[in-house]
Amino acid sequence: MKRNYKFIISYDGTRYHGWERQPGKDATIQGKLETVLNKMAVSGDETAINLIGAGRTDAGVHARAMTANAFIDTDMSEEEIQNYMNEYLPEDISVNEVKVCSDRFHSRYNAIGKTYRYTCWCGNSKPVFDRKYVTILEKRPDTEAMRAAARHLLGTHDFKSFCGNTKMKKSTVRCVDTINIEESGSYIRLYFHGNGFLQNMVRILTGTLLEVGYGNIRPDEVKDILDACDRQKAGPTAPPQGLALMKVDY
């Protein structure tokens, strides 16, 4: 009998084309996970299982705790499923938790919030051991100016200016309730929490805030960028390697 299973997954997105399964591209997180799940399932149908992720991280983006769910026909226990998956998955994908959940649970539709972290490095040395997980800045930005700009972004707004999909027809209104900018030595970390994020949204927000930090955009101009609903008005899309999905709330 098929049951609905909830998964908590970590992955290093460096060598993948993002979360979402794509025709002709074997290197996706969803594709790797589904391949293992289909081999494990009782049915033996290698295309039967659809693993639903809480979000669709871009190519090169990482996750500390992606939530996903899938209906699976298996006689294995939760622990056996976890052990099987971790044995056959590549070393840069880990299943940290497996739980049977309600048939009504949907990892994407039931999510009420997400936390993302963007990590920058600004120092005289090189981040040798973190080089795949940080974006190296050429100069140190003014983080106080960035914090002042971030305050204009808090609340429920139309974030169309910060959406990478300029042809998106669905609503681009989202609520961002927290933007924290923390400094620790050579690290600058930006934390974003909201009820949902558009395609490339966190990376564009980060790129815009860094432009403020460099003095290219005034903090109060960020409100005008937001109101313009025009992607061309916002800053650049920050590189993918600095971004990680940290947590999904239910």
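It should be emphasised that the depicted structure is a prediction, and the values quoted were computed from it without experimental measurement. (Residues numbered from 1 in each chain as written. Predicted model: local features only at pLDDT ≥ 70, side-chain atom pairs only at ≥ 80, totals over all residues. Heavy atoms only, no water.)

Trainee: For this particular structure, what's the right way to read the packing of helix α3 (residues 143–151) against helix α4 (residues 201–213)?
Mentor: At a minimum axis separation of 8 Å, α3 and α4 run at an interaxial angle of 130 degrees. Between α3 and α4, the angle is such that the two are oblique. At the point where α3 passes α4, the crossing takes the right-handed sense. Along its contact with α3, which presents Ala 145, Met 146, Ala 149 and Ala 150, the element α4 presents Leu 209, Leu 210, Val 212 and Gly 213. Counted by class, the contact of α3 with α4 contains seven nonpolar, one polar and no charged residues. (Axes fitted to C-alpha atoms, helices over the stretch in contact; angles between N-to-C directions. Helix = DSSP H or I, 4+ residues; strand = E, 2+ residues; numbered from the N terminus. Parallel < 35°, antiparallel > 145°, perpendicular 65-115°, else oblique. Left-handed = near helix turned anticlockwise from the far one by under 90°. Contact = heavy atoms within 4.5 Å. Nonpolar A, V, L, I, M, F, W, Y, C, P; charged D, E, K, R; others polar.)

Trainee: Looking at this model, I keep getting lost on the pairing of strand β9 (residues 187–194). Mind explaining?
Mentor: Each regular strand shows side chains that alternate between the opposite faces of the sheet. Most of β9 is tucked away, with six of its eight residues classed as buried. One ladder, built from eight bridges, connects strand β5 (residues 113–121) with β9; its direction is antiparallel. In the strand pairing of β9, Arg 117 is matched with Tyr 191. Relative to β9, strand β8 (residues 173–184) runs antiparallel, the two sharing eight bridges. Across the sheet, residue Glu 183 finds its bridge partner in β9, namely Ile 188. (Buried < 20%, exposed > 50% of the residue type's maximum accessible area, 1.4 Å probe, protein only. Pairing = 2+ DSSP bridges.)

Trainee: I'm lost on the nonpolar core in this one. Help?
Mentor: Within soluble globular proteins, side chains that are nonpolar tend to cluster in buried spots. Counting 67 residues, the largest nonpolar core has Phe 7, Leu 33 and Phe 162 as its most contacted members. The dominant element in this core, judged by the number of residues it contributes, is α4, at seven residues. (Core = buried A, V, L, I, M, F, W, Y, C linked by side-chain atoms within 4.5 Å.)

Trainee: Is there a simple way to explain the pattern of salt bridges in this structure?
Mentor: On inspection of all chains with the given rule, the structure shows 11 salt bridges. Between Asp 220 and Arg 218 there is a salt bridge, with the nearest N and O atoms lying 3.2 Å from each other. Through salt bridges that share partners, Arg 140, Glu 144, Arg 147 and Glu 183 make up one connected network. (Salt bridge = Lys/Arg side-chain N within 4 Å of Asp/Glu carboxyl O.)

Trainee: I would appreciate a short explanation of unusual backbone geometry in the present structure.
Mentor: Working note: non-glycine residues mostly have negative phi, and peptide bonds are mostly trans. Despite not being glycine, Asn 200 has its phi angle at roughly 65 degrees, a positive value. Residue classification places Asn 200 among the buried positions, given a relative accessible area of 17%. In the Ramachandran plot, Cys 229 falls in the positive-phi region, its phi being about 50 degrees despite a non-glycine side chain. Overall, Cys 229 belongs to the partly exposed group, its relative accessible area being 28%.

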